[in-house]
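Structural description and commentary
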Amino acid sequence: MADQTELYTLLSLIRHAEQKILDVYTSDVMQCPVHLSIGQESVAVALCAHLRHDDLKIGTHRSHALYLANGGDLVAFFGELLGRACGCSRGYGGSMHMIDAAHGLVGTTSIVGGALPIAVGLGLSVRRPRVAAVLLGDAAADQGVFAESVNYAQLRKVPLVFVCENNRYSVYTPQCVRRAVHPAAVAKAFGMETHEFSIEVANDVFALYERLADPIARMRQGGGPVFIECSTVRRYDHNGVCDDIAAGFRDPAERELFDQFCPMKLARRQIPPDRADAIDAAVRACVEQAYAQALASQETVLEYSHASAGIDTTL
Ligand SMILES: Cc1ncc(C[n+]2csc(CCOP(=O)(O)OP(=O)(O)O)c2C)c(N)n1
Ligand SMILES: [Mg+2]
């Protein structure tokens, strides 16, 4: 069981690590695209608090919260973004390709929906009480492979929890012009156990942690797959550090949703301010230290070249 301090510390860690990215990104020190989780960090934290390190997990391009909530090393996190050899993918993958095999994070993928069939395979490969988990965005449900994956997981009673971070957008395209029904309705149609959480619950890390306990425990003990849909909100641009809401690319109501349901704000209302301040200060120091260490470390040397791959470039 995770307590409030543990959950808040992880929430704060993700927020401050991404705040560091916001601070440095425009200097071009990070050469990879970044998809920030700010506004939806609570989902990964609540989920991972119910998972073991030998459970198998896979995620999306918006990978930072999953990697850090799952216990990923902070130096390896910044090292990956900075293209350093100490990065969790040795600096080759960048923000969208986070791996942490020691903690069961098989990877994160930039192909929308691409994680879904792999997750079904992960679920087929584990034996209870181990389970598998996949984080997906709402646009992953727009792909045909979504229905195939949900169907097969349900048919074979695969121990896999699908967790949809529904921020209502695929880049700048709202869900209302893309989908006739929301993702959980599809899973339900295939007979899967589904749970849908409003943003009031999903962005409240303590509330969501409580609500996920029973479904995940039942699956671990022998139940079939579970589909969790969390309504949440993305604060910054789809990719990068700009404010796409202020720039007019998304509905201004999204900004109001963030102001009302920011996961840090909701969590801080429920714990003593001096405890939250102390955690934030300790987290900020860790972030600064890890960033400096990663920045000072050896850059990734590209081993690949056309010559080493045997490709004749003279043609
Ligand atoms: C198969 C495929 N199609 C299109 C893209 C381009 N693309 C990258 S992220 C994205 C939107 C993803 O939205 P969602 O799954 O809801 O996740 P979010 O970014 O909202 O977290 C798209 C269309 C892609 N990477 N892969
Ligand atoms: Mg989305």
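If you're wondering where the values come from, they're calculated on a predicted model, not measured in any experiment.

**Things to note about the overall build of the protein chain**
Looking only at helices and strands, one finds twelve helices and eight strands in the protein chain. Its C-alpha atoms give the protein chain a radius of gyration of 19 Å, near enough to 20 Å, the size a compact globule of 315 residues would have. If you line up the protein chain on its principal axes, its C-alpha atoms span 60 × 55 × 40 Å. Counting across all 315 residues of the protein chain, residues that qualify as buried make up 54%. Long-range contacts, defined as pairs at least 24 residues apart, comprise 76% of the intrachain contacts of the protein chain with a sequence gap of at least 6. Counting every atom, the protein chain has about 13,300 Å² of accessible surface; 56% of that belongs to carbon and sulfur. For the protein chain, the distance from the average site of its 28 positive side-chain charges to the average site of its 36 negative ones is 5 Å.

**Regarding the coordination of the magnesium ion (ligand 2)**
Ideal values for angles at a metal depend on the geometry: 109.5 degrees with four tetrahedral donors, 90 or 180 degrees with six octahedral donors. At this site the magnesium ion (ligand 2) is bound by Asp138 (OD), Asn167 (OD1) and Tyr169 (O), with donor distances of 2.1 Å. In the primary sequence, the donor residues of the magnesium ion (ligand 2) line up as D-x28-N-x1-Y. Accessibility classification places asparagine 167 together with tyrosine 169 in one group, the buried group.

**Describing the site of ligand 1**
Close to ligand 1 lie 15 residues; His61, Arg62, Ser110, Asp138 and Asn167 are nearest. The backbone of valine 112 places a nitrogen or oxygen atom 3.1 Å from a nitrogen atom of ligand 1. Asparagine 167 is positioned with one of its side-chain polar atoms (N or O) 2.9 Å from an oxygen atom of ligand 1. Considering ligand 1 on its own, with 580 Å² of exposed area, one finds that the protein chains cover 71% of that surface. Along the lines of polarity and charge, the residues of the shell around ligand 1 split into six nonpolar, seven polar and two charged.

**Topic: helix α6 (residues 144–155)**
Over its twelve residues, α6 runs 17 Å from end to end, which matches the ideal 16 Å to within 8%, given 1.5 Å per residue. Residues of α6 that are buried include every one of Phe146, Ser149, Val150, Ala153 and Gln154, and no others. Looking down the long axis of α6, one finds its buried residues gathered within 125 degrees of arc, a one-sided arrangement. Turned more than 90 degrees away from the buried face of α6 sit Glu148 and Leu155, all of them exposed. For α6, the elements touching its buried residues are α5 (115–125), β3 (132–137), β4 (160–166), α7 (183–189) and β8 (226–231).

**Overview of unusual backbone geometry**
For the peptide bond that leads from arginine 128 to proline 129, omega is 15 degrees, which places it in the cis range. Relative to the helices and strands, proline 129 resides in the loop between α5 and β3. For aspartate 28, which is not glycine, the phi dihedral falls at a positive 75 degrees. As for its position among the elements, aspartate 28 is in the loop between α1 (4–24) and α2 (41–48). On the accessibility criterion, aspartate 28 (52% relative accessible area) is exposed. Positive phi is not limited to glycine here, since lysine 157 has a value of about 50 degrees. Residue placement: lysine 157 occurs in the loop between α6 and β4.

**Some thoughts on the nonpolar core**
By size, the foremost hydrophobic cluster in this structure holds 74 residues, and its most contacted members are Ile21, Met30, Leu74, Phe77, Phe78 and Leu81. Take this core: its biggest share by element is nine residues, from α1. Not counting the four nearest positions on each side in its chain, leucine 74 is found in contact with Leu13, Ala17, Leu68, Cys286, Val287 and Ala290. Ranked by size, the runner-up nonpolar core spans 25 residues in total, among them Ile58, Ala119, Val134 and Leu136.

**Details of the pattern of salt bridges**
Enumeration according to the criterion identifies 16 salt bridges in this entry. In this structure, glutamate 288 engages lysine 20 in a salt bridge whose closest nitrogen and oxygen atoms are separated by 3.0 Å. Taken together, the residues span a long stretch of sequence, with glutamate 288 in helix α12 (residues 273–296) and lysine 20 in helix α1 at a distance of 268 residues. A relative accessible area of 12% places lysine 20 in the buried class. Taken together, the shared-partner salt bridges connect Asp138, Asp142, Arg178 and Arg179 into one network.

**Re the state of the cysteines**
Applying the stated rule across the entire model yields zero disulfides. Free of any disulfide, cysteine 230 has its nearest neighbouring cysteine sulfur in cysteine 164, separated by 8.0 Å. As a non-bridged cysteine, cysteine 262 has cysteine 230 as the owner of its nearest cysteine sulfur, 16 Å distant. For cysteine 262, a relative accessible area of 7% gives the class buried.

**Digging into the packing of α2 against helix α9 (residues 205–220)**
Axis separation between α2 and α9 bottoms out at 8 Å; the angle between their running directions is 40 degrees. Taken as axis vectors, α2 and α9 run oblique relative to one another. When you trace α2 past α9, the crossing you get is right-handed. Residues Ser42, Val43, Val45, Ala46 and Leu47 of α2 form the contact with α9, whose own contacting residues are Val205, Leu208, Tyr209, Leu212 and Ile216. Of the residues assigned to the contact of α2 with α9, the class counts are nine nonpolar, one polar and no charged.

About the thresholds
For every chain, the first residue of its written sequence is number 1, and the numbers climb from 1 along that sequence. Naming scheme: in the order in which they are written, chains are lettered from A and ligands are numbered from 1. Local features in a predicted model are, by the rule used here, given only for residues with pLDDT of at least 70; side-chain atom pairs are given and counted only at 80 or more, and totals for whole chains, interfaces and linings are based on all residues. Only hydrogens and water are set aside when side-chain values are computed; all heavy atoms of the structure are taken into account. Elements are defined by DSSP. Helices are runs of H or I of four residues or more, strands are runs of E of two residues or more, and each kind is numbered from the N terminus. For the radius of gyration, the atom set is restricted to C-alpha positions; the globular benchmark scales as 2.2 Å times the number of residues to the power 0.38. Here the term buried applies to any residue with accessible area under 20% of the maximum for its type, exposed to any over 50%, and partly exposed to those in between, with areas from a 1.4 Å probe on protein chains only. Residue contacts follow a heavy-atom distance rule, with two residues in contact if any of their heavy atoms lie within 4.5 Å. Only the protein chains shown count as cover for residues, with accessible areas throughout obtained via the Shrake-Rupley method and a probe of 1.4 Å. In summary, the charge assignment counts Lys and Arg as positive and Asp and Glu as negative, without counting His or the chain termini. Charge positions come from single atoms, namely NZ of Lys, CZ of Arg, CG of Asp or CD of Glu. Donors, by definition, are the N, O and S atoms found within 2.8 Å of a metal, the threshold being 3.2 Å for Na, K and Ca, and water is not counted, so a site can look incomplete. Distances are taken per atom, and a residue is near a molecule or strand as soon as one of its heavy atoms is within 4 Å of it. Identification of polar contacts relies on pairs of N or O atoms within 3.5 Å, with a donor-acceptor requirement for protein atoms, meaning one able to donate a hydrogen and the other able to accept it, and with residues adjacent in sequence counted only if both atoms are side-chain atoms. Asp, Glu, Lys and Arg are counted as charged, while Ala, Val, Leu, Ile, Met, Phe, Trp, Tyr, Cys and Pro are counted as nonpolar; the rest, among them Gly, fall into the polar class. Take the number of residues in a helix, subtract one, and multiply by 1.5 Å to get its expected span. The arc refers to the directions leading from the helix axis to the C-beta atoms. Only buried residues count toward a nonpolar core. Its members are Ala, Val, Leu, Ile, Met, Phe, Trp, Tyr and Cys residues joined through side-chain atoms within 4.5 Å. In the sections that follow, a salt bridge refers to a side-chain nitrogen of Lys or Arg positioned within 4 Å of a carboxyl oxygen of Asp or Glu. In what follows, a disulfide is any cysteine sulfur pair within 2.5 Å. Every axis corresponds to a line fitted to the C-alpha atoms, with the helix fit spanning only the stretch in contact, and the corresponding angles, defined between N-to-C directions, vary from 0 to 180 degrees. Angle categories are assigned with fixed cut-offs, so that under 35 degrees is roughly parallel, over 145 is roughly antiparallel, 65 to 115 is roughly perpendicular, and the rest are oblique. Each helix crossing is assigned a hand: it is left-handed if the near helix lies turned anticlockwise from the far helix by less than a right angle, otherwise right-handed if that turn is clockwise.

By themselves, these observations are geometric and do not establish any function.
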